[in-house]
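Chains, contacts and geometry: an overview
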Number of protein chains: 2
Amino acid sequence: MTYCVAMRLDAGVVFLSDSRTNAGVDHINTFRKMHVFAKEGERILVLMTAGNLSISQSVVNTIREKLGARGNNLDKVKNMFEAAKHVGDCLREVHGRDAAALEKFGLDFSSSLILGGQIKGEEPRLFNIYAAGNFIEATRETPYFQIGESKYGKPIIDRVISTRTSLDEAAKCALISMDSTIRSNLSVDLPLDLLIYERDALRVRQHVKITRDTAYYGQIRKQWGEHLRQGFAELPDPDWETL
Amino acid sequence: MTYCVAMRLDAGVVFLSDSRTNAGVDHINTFRKMHVFAKEGERILVLMTAGNLSISQSVVNTIREKLGARGNNLDKVKNMFEAAKHVGDCLREVHGRDAAALEKFGLDFSSSLILGGQIKGEEPRLFNIYAAGNFIEATRETPYFQIGESKYGKPIIDRVISTRTSLDEAAKCALISMDSTIRSNLSVDLPLDLLIYERDALRVRQHVKITRDTAYYGQIRKQWGEHLRQGFAELPDPDWETL
């Protein structure tokens, strides 16, 4: 499986993805799931993928192929809504090619994408694109999207994130959400791709790969675990007389 | 949906269940999912159910019907392994009656049960019984089971619970795990059933219903939420130079 999360805040957008892909426990591999399409000073688009890896790769390849060619593409689209439609179209192209063949083998056409970023003249925007190529956009009330193994890491986001959260705080929350997922689900694992997009920067200042050797990740994992255990110790014990 | 969790510790067993049942968002109701079969001084068995409500109720009714009658039943079984087999048999009886008819309506025979407790002469034991009537038992390495919407509340258990955890600590952890689930998933909700079984007591000393008005639950929810937010504030911000 996969776990990816993106948060659209007043200050910008935070993207985090893992890199584990599996087709059964004996087929576990590492693939990047974060793809950046950038024209400095004009547009930054970040795409994250979950679901069937062959579909994800075909979508990314289809998008890339169109970049240089005639017709609509991510370098030309005028705004993020057009960008989401374009990615949806590319997904539908892959569906047209593969879905019937997959079905013959009893395989779902499973794909879920997160597309976020900013095109000059607009605010940063964030979309969740479904397998059918339709999509929804993040709002002030629901400023984040998750794809893949999303449930383990959802409670911590629900408790912490609002659009006013700072980029650093949101990055920490995304990393803790990822750590909770990794601890509880074997099919999600390091290395991670973390990308922080600052509103109106129109270029990527922070994009890092996080591995087992990344000291900062180890540090916040450890500190967070200790904080949680300490929190339990501090919670009052149930008083069975009054409960 | 449902969320139930049970933890088998050195000190006893903790059981917690929610009470929400839904068949679509316009059919949300409250049903108890925790059922206690007790003979003080001799045996305490606690059954929690998830899945299709009609199956859960039929299983519980089948178990109860057999209690007074001839043949094997939960009042007679000599140990917890026999008890789990008996519950599995009752589930298979319901499967025999209902599965084919459900299938005609495109419905899975979905059922997942947790059975735990103690019968005199044995240690407390805990089982997870699947829809097919087969089951697994909790071990020192994996001392807890969850059924229903289990993913949201799993990370906190994975971080906190070992067999050496005290009953009060485990009860707090179960309640926080439930609170995380309730916050992130509409289909799980109060009231809750919390039952603490102390090893070798062979009777239930603590079995409480927790509602919105239960002061203790409100208190630990609030304190825990504050503790998490404070924890984030204390985590070091990422240092992008060295990351």
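Going by the structure above, here's the rest.
So, a few notes on the structure that sits alongside this text. Only a predicted model underlies this, so the values are computations on that prediction, with no experimental measurement involved.

**Remarks on the interface of chain A and chain B**
- Listed per partner, the contact involves 43 residues of chain A and 43 residues of chain B.
- Counting the surface lost from both chain A and chain B, the interface buries some 4600 Å², and carbon and sulfur atoms represent 66% of this.
- Contact with chain B buries surface across chain A, with R159, F232 and W240 of chain A losing the most and accounting together for 20% of the total.
- At the boundary of chain A with chain B, the tally comes to six salt bridges.

**Digging into the sheet that holds strand 1 (residues 3-9) of chain B**
Residue and element names in this part refer to chain B.
- The strand order across the open sheet formed by five strands is 10-1-2-11-12, and the pairing between neighbours is antiparallel. Every interior strand has two partners, whereas the edge strands, strand 10 (144-148) and strand 12 (206-210), have only one. Averaged over all adjacent pairs, the angle separating strand axes in this sheet is 10 degrees, with direction ignored.
- Relative to strand 12, strand 11 (residues 192-198) is paired through five bridges, and the arrangement is antiparallel. Directly across from L192, in strand 12, lies its bridge partner I210.
- Across the sheet, helix 4 (residues 167-184) touches strand 1, strand 2 (12-17), strand 11 and strand 12, and the angle it forms with strand 2 is around 20 degrees.

**Focus: helix 2 (residues 80-104) of chain A**
All names here are of chain A.
- Helix length check: helix 2 (25 residues) gives 35 Å between terminal C-alpha atoms against 36 Å at 1.5 Å per residue, within 8%.
- Along helix 2, the sharpest change in direction is near 45 degrees and occurs at D98.
- When we look at burial in helix 2, the residues that qualify are M80, A83, A84, H86, V87, G88, C90, L91, V94, D98, A99 and L102.
- Tucked inside the fold, the buried residues of helix 2 contact strand 6 (43-51), helix 1 (53-68), strand 7 (111-119), strand 8 (125-129) and strand 9 (135-137).
- N-capping of helix 2 is provided by N79, with a side-chain oxygen placed 3.2 Å from the backbone N of F81.

**Structural notes on the side chain of T2 of chain B**
Residues and elements named next belong to chain B.
- Considering the arrangement of structural elements, one finds T2 in the segment before strand 1.
- Judged by its relative accessible area of 6%, T2 falls in the buried class.
- Side chain to side chain, T2 and K33 meet in a polar contact 3.1 Å long.

**Thoughts on the environment of T165 of chain A**
Residues and elements named next belong to chain A.
- Topologically, T165 is positioned in the loop between helix 3 (154-160) and helix 4 (167-184).
- Given the relative accessible area of 10%, T165 is considered buried.
- Taking C-alpha positions, T165 is 9.6 Å from R8, a pair spaced 157 residues apart along the chain.
- Once residues within four sequence positions are removed from consideration, T165 is found in contact with L9, V160 and A170.

Thresholds applied
- Residues numbered from 1 in each chain as written.
- Chains lettered and ligands numbered in written order.
- Predicted model: local features only at pLDDT ≥ 70, side-chain atom pairs only at ≥ 80, totals over all residues.
- Heavy atoms only, no water.
- Contact = heavy atoms within 4.5 Å.
- Buried area = accessible area lost by both parts, 1.4 Å probe.
- Salt bridge = Lys/Arg side-chain N within 4 Å of Asp/Glu carboxyl O.
- Pairing = 2+ DSSP bridges.
- Helix = DSSP H or I, 4+ residues; strand = E, 2+ residues; numbered from the N terminus.
- Axes fitted to C-alpha atoms, helices over the stretch in contact; angles between N-to-C directions.
- Expected span 1.5 Å × (residues − 1).
- Bend = angle between axes of the 7 residues up to and from the residue.
- Buried < 20%, exposed > 50% of the residue type's maximum accessible area, 1.4 Å probe, protein only.
- Polar contact = N/O pair within 3.5 Å; in protein donor to acceptor, adjacent residues only side chain to side chain.

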